[in-house]
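Each chain, letter by letter, is given below.
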Amino acid sequence: KWFTAGVGLRLDAFPCDERVCLTIGERVEVNDYVHIGAVESVTIGNDVLIASKVFISDHNHGTYSGQGAHSDPSVPPAERPLAAAPVVIEDRVWLGEFVCVLPGVKIGAGSVIGAHSVVSRDIPANCIAVGSPARVVKQYCPISRRWVPARKLGDGA
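Residues numbered from 1 in each chain as written. Predicted model: local features only at pLDDT ≥ 70, side-chain atom pairs only at ≥ 80, totals over all residues. Heavy atoms only, no water.

Engineer: How do you make sense of the overall build of the protein when you look at a structure like this?
Structural biologist: Along the backbone of the protein there are zero helices and 19 strands. For 157 residues, the compact-globule estimate of 2.2 N^0.38 gives 15 Å, and the protein sits close to it at 16 Å. With the C-alpha coordinates of the protein rotated into their principal frame, the extents come out at 55 × 40 × 25 Å. In the protein, which comprises 157 residues, the proportion classed as buried is 36%. Of all intrachain contacts in the protein linking residues separated by at least 6 positions in sequence, the fraction that spans at least 24 positions is 28%. When the accessible surface of the protein is totalled, it reaches about 8900 Å², and 54% of it is carbon and sulfur. In the protein, the 15 positive side-chain charges and the 16 negative ones have mean positions that sit 13 Å from each other. (Helix = DSSP H or I, 4+ residues; strand = E, 2+ residues; numbered from the N terminus. Rg over C-alpha atoms; globule rule 2.2 N^0.38 Å. Buried < 20%, exposed > 50% of the residue type's maximum accessible area, 1.4 Å probe, protein only. Contact = heavy atoms within 4.5 Å. Areas by Shrake-Rupley, 256 points an atom, 1.4 Å probe, with all protein chains shown as cover. Lys, Arg positive; Asp, Glu negative; His and termini not counted. Charge placed at Lys NZ, Arg CZ, Asp CG, Glu CD.)

As structure tokens, this is what we get:
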């Protein structure tokens, strides 16, 4: 309900089986030239704002880290087996311009991801994260009702 999208929105949903692999909540606003790719699971909560030129994907063409066999660079990228991990963007998240959200990431409710950030690991709820890779720089304090530096809350993430 109440979904809005700018020009050039690209939604790729290629489930490996018959299940739903892309879920978008209510009152989600997606701006121009956003690309969302899902083969396993991308879930976007309610009241999410996605700025222009954002990329969200739950998969890669190949495996480049972790345990097991890595992808052979002599194989063309399009022919490498897909590696996937679910992406969850919880309620009231704001993704700034040119943000990239990588496979296996959860962004907690109420968080803000700054422009040009690459989210490669989980971001807790009610945080501001920036950079490449994105790191938490502020967290909302419900007592003072202010965004405070993360280190002041003992997190320092």
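Engineer: I'm lost on the sheet that holds strand E12 (residues 94-95) in this one. Help?
Structural biologist: Strand pairs in the sheet, formed through backbone hydrogen bonds, run parallel or antiparallel to each other. Taken in spatial order, the eight strands of this open sheet run E1-E4-E7-E12-E15-E17-E18-E19, and their pairing is mixed. Because the sheet does not close on itself, it has two edges, and the strands there are strand E1 (4-5) and strand E19 (146-149). As judged from the five bridges shared by strand E17 (residues 127-131) and strand E18 (residues 134-141), these two strands associate in the antiparallel manner. Considered in E18, the bridge of Gly131 is made with Ala134. (Pairing = 2+ DSSP bridges.)

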